[in-house]
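Coordinate analysis (summary)
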Amino acid sequence: MVDPTYIERRLAATITVVLLAVALTVQVGLNGQVLFAPAGGSRTELVVYGFLAVLGGVSAVALYVRGRVPGVVRWPGVVALLGCSVALSADLSDALWPRHWSIGLIGWYGLVLLYDLAIGWVVALLLAHSAIVGWPVLVHGTAAETADMAVALVSVAGFQVGVALSARLVRSIARRASRAALAEERQRIRDEEAAAAARNHERRYADLRPTTIPLLAGLADGSLDPRADDVRRRCAVEAARMRRLLSEGHGEGVTDRLAHELGAIVDIAERHGASVHLTVRGTPGDVPEHVRRDLLAPISEALVTARSPARVTVLHAPDQVRVSARCAAPELPITPPEQGEVSLVESVADGQVWLETSWRSR
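Predicted model, so just to flag it, every value in this text is computed and none were measured.

1. Quick word on the pairing of strand β1 (residues 276-282)
Pairing analysis gives seven bridges linking β1 to strand β2 (residues 310-316), with the strands arranged parallel. Bridge pairing in β2 links Gly 282 to His 316. Each parallel crossover has a hand, and the one from β1 via helix α11 (residues 289-304) to β2 is left-handed.

See the structure below:
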């Protein structure tokens, strides 16, 4: 199943990359003269400009490696951005601030660092940045300078808040799309499980149709005498087969499904008067369903018709599974496995039968 947050995480990473591209474009494309012009800026401006370039490079590496900006980069970066605001606020004259490149650039880097957090963090950073750079102009600048500064801060910070809100709206849409995809995937799995259960029921019915249905029909129309020994033996065999098939559907979470299905057969045999001692050895492996059916079918026919003590052993080897049984020899012949994957060895002596079915996994 696809991780339900995958779409959201990928889209968040993509939007953060776009925000970083905007910040780098503003810094290099629109304000590159700070670094390259002969008198592009003061020493403080050059230091801040260089730090912002380094922060952009570190953020780009973090996004490439981890798909997001980690906390070890985010919070020191936020503190450093505010430090840049303080340094520039103390260095620049009031007349330069309304059109200075750092007003918007620091905010764009703040969006890169804080985008995947609550919108309140972005607003708090932009308000703090605006207060730091706007306070000196408000206190010492003229009315015209103050008005220009207010317009610059509101327009730039307002636009950046709008971008942050739009980006988070897109992320919210991605979150809902992820949840819808998860619900669709769960529904598809439920439909597949229901279809598999229906096919399993059809398969079990098909397994019972050749032998169980005629037996029930004969008992119903009176052509078979339920008091006859052979009819009672047939009923015992079919009851064990039905019990084994039912146990296949209730073996989820069972470590050894072969022993689980064999236990259902032993239960039927004990109800018919046999005393069965079951031993399981070795570490259970993955045994296919049709193999389990062929391994247990001959053992089932011998056990459910036995009226004397019986011993059954299941041996799990690394490359082989063997099931053996020793009990009174049944009057009806043992039906061999239907497929060639499972071999059957049968030996009868002194009224006792020894059976062994085996299957090699590789």
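2. Considering the packing of helix α1 (residues 6-30) against helix α3 (residues 43-66)
When two helices pack together, their arrangement is given by the angle between the helix axes and the distance between those axes. Between α1 and α3, whose axes approach to 11 Å, the crossing angle comes to 155 degrees. By the criterion of interaxial angle, the relationship of α1 to α3 is roughly antiparallel. As for the relative orientation of α1 and α3, their crossing is left-handed in sense. Counting all contacts with α1, which are made through Thr 16, Val 17, Leu 20, Leu 24, Gln 27 and Val 28, the residues of α3 involved are Tyr 49, Leu 52, Ala 53, Gly 56, Ser 59, Ala 60 and Leu 63. Among the residues forming the contact of α1 with α3, the class breakdown is nine nonpolar, four polar and no charged.

3. Here we look at the pairing of strand β4 (residues 342-349)
For β4 and strand β5 (residues 352-360), the ladder comprises eight bridges, and the chain directions are antiparallel. Considered in β5, the bridge of Ser 343 is made with Ser 358. Counted between consecutive antiparallel strands, the loop separating β4 from β5 contains two residues, among which Asp 350 sits at a positive phi close to 55 degrees.

4. Considerations on α3
Taking 1.5 Å per residue, 24 residues should reach 34 Å; α3 reaches 34 Å between its end C-alpha atoms and fits that length. Those residues of α3 lying buried are Glu 45, Val 48, Tyr 49, Leu 52, Leu 55, Gly 56, Ser 59, Ala 62 and Leu 63. Directly beyond the C-terminal end of α3, a positive phi value near 80 degrees is found at Gly 67.

5. Side note on the sheet that holds β5
The five strands lie next to each other as β1-β2-β3-β5-β4, forming an open sheet whose pairing is mixed. Each end of this open sheet is capped by a strand with a single partner; those strands are β1 and β4. Put simply, the sheet's adjacent strands are angled 10 degrees from each other on average, direction ignored. Here six bridges tie β2 to strand β3 (residues 320-328), and the two strands are oriented antiparallel to one another.

6. Quick word on the side chain of Asp 294
Assignment of secondary structure puts Asp 294 in helix α11. It is Arg 293 that comes nearest to the buried, bridge-free Asp 294 among opposite-charge side chains, at 5.6 Å. With near-sequence residues (within four places) excluded, Asp 294 lies in contact with Pro 337, Glu 338, Gln 339, Val 342 and Thr 357.

7. Observations regarding the pattern of salt bridges
For the structure shown, the criterion picks out seven salt bridges. Salt-bridge contacts for Glu 185 lead to Arg 188; the nearest nitrogen and oxygen are separated by 2.6 Å. You can see Glu 185 and its partner Arg 188 sitting in helix α7 (residues 143-208), three residues apart, about one turn around the helix. The exposure class assigned to Glu 185 is partly exposed, which follows from its relative accessible area of 21%. Exposure remark for Arg 188: the relative accessible area of 38% places this residue in the partly exposed category.

8. Considerations on the packing of aromatic side chains
Counted according to the given criterion, the structure contains three aromatic pairs. Each ring, one from Tyr 49 and one from Trp 101, has its centre 5.6 Å from the other, and the planes form 80 degrees; the classification is edge-to-face. In this pair, Tyr 49 sits in helix α3 while Trp 101 sits in the loop between α4 (71-91) and α5 (102-114), placing the two residues 52 residues apart along the sequence. Each member of the pair, Tyr 49 together with Trp 101, is buried. Judged by centre distance (5.1 Å) and plane angle (65 degrees), the rings of Trp 75 and Trp 121 are edge-to-face. In this pair, Trp 75 is assigned in helix α4 and Trp 121 in helix α6 (residues 119-140), connecting sequence segments 46 residues apart. The exposure class assigned to Trp 75 is partly exposed, which follows from its relative accessible area of 37%. Among the residues examined, Trp 121 registers a relative accessible area of 46% and is labelled partly exposed.

9. Topic: the environment of Gly 83
Mapped onto the elements, Gly 83 comes out in helix α4. For the pair Gly 83 and Arg 307, spaced 224 residues apart in sequence, the C-alpha separation works out to 92 Å.

About the criteria used
- Residues numbered from 1 in each chain as written.
- Predicted model: local features only at pLDDT ≥ 70, side-chain atom pairs only at ≥ 80, totals over all residues.
- Heavy atoms only, no water.
- Pairing = 2+ DSSP bridges.
- Helix = DSSP H or I, 4+ residues; strand = E, 2+ residues; numbered from the N terminus.
- Right-handed = clockwise from strand over helix to strand, strands pointing away.
- Axes fitted to C-alpha atoms, helices over the stretch in contact; angles between N-to-C directions.
- Parallel < 35°, antiparallel > 145°, perpendicular 65-115°, else oblique.
- Left-handed = near helix turned anticlockwise from the far one by under 90°.
- Contact = heavy atoms within 4.5 Å.
- Nonpolar A, V, L, I, M, F, W, Y, C, P; charged D, E, K, R; others polar.
- Expected span 1.5 Å × (residues − 1).
- Buried < 20%, exposed > 50% of the residue type's maximum accessible area, 1.4 Å probe, protein only.
- Lys, Arg positive; Asp, Glu negative; His and termini not counted.
- Salt bridge = Lys/Arg side-chain N within 4 Å of Asp/Glu carboxyl O.
- Phe/Tyr/Trp six-rings, centres within 6.5 Å; stacked < 30°, edge-to-face > 60°.

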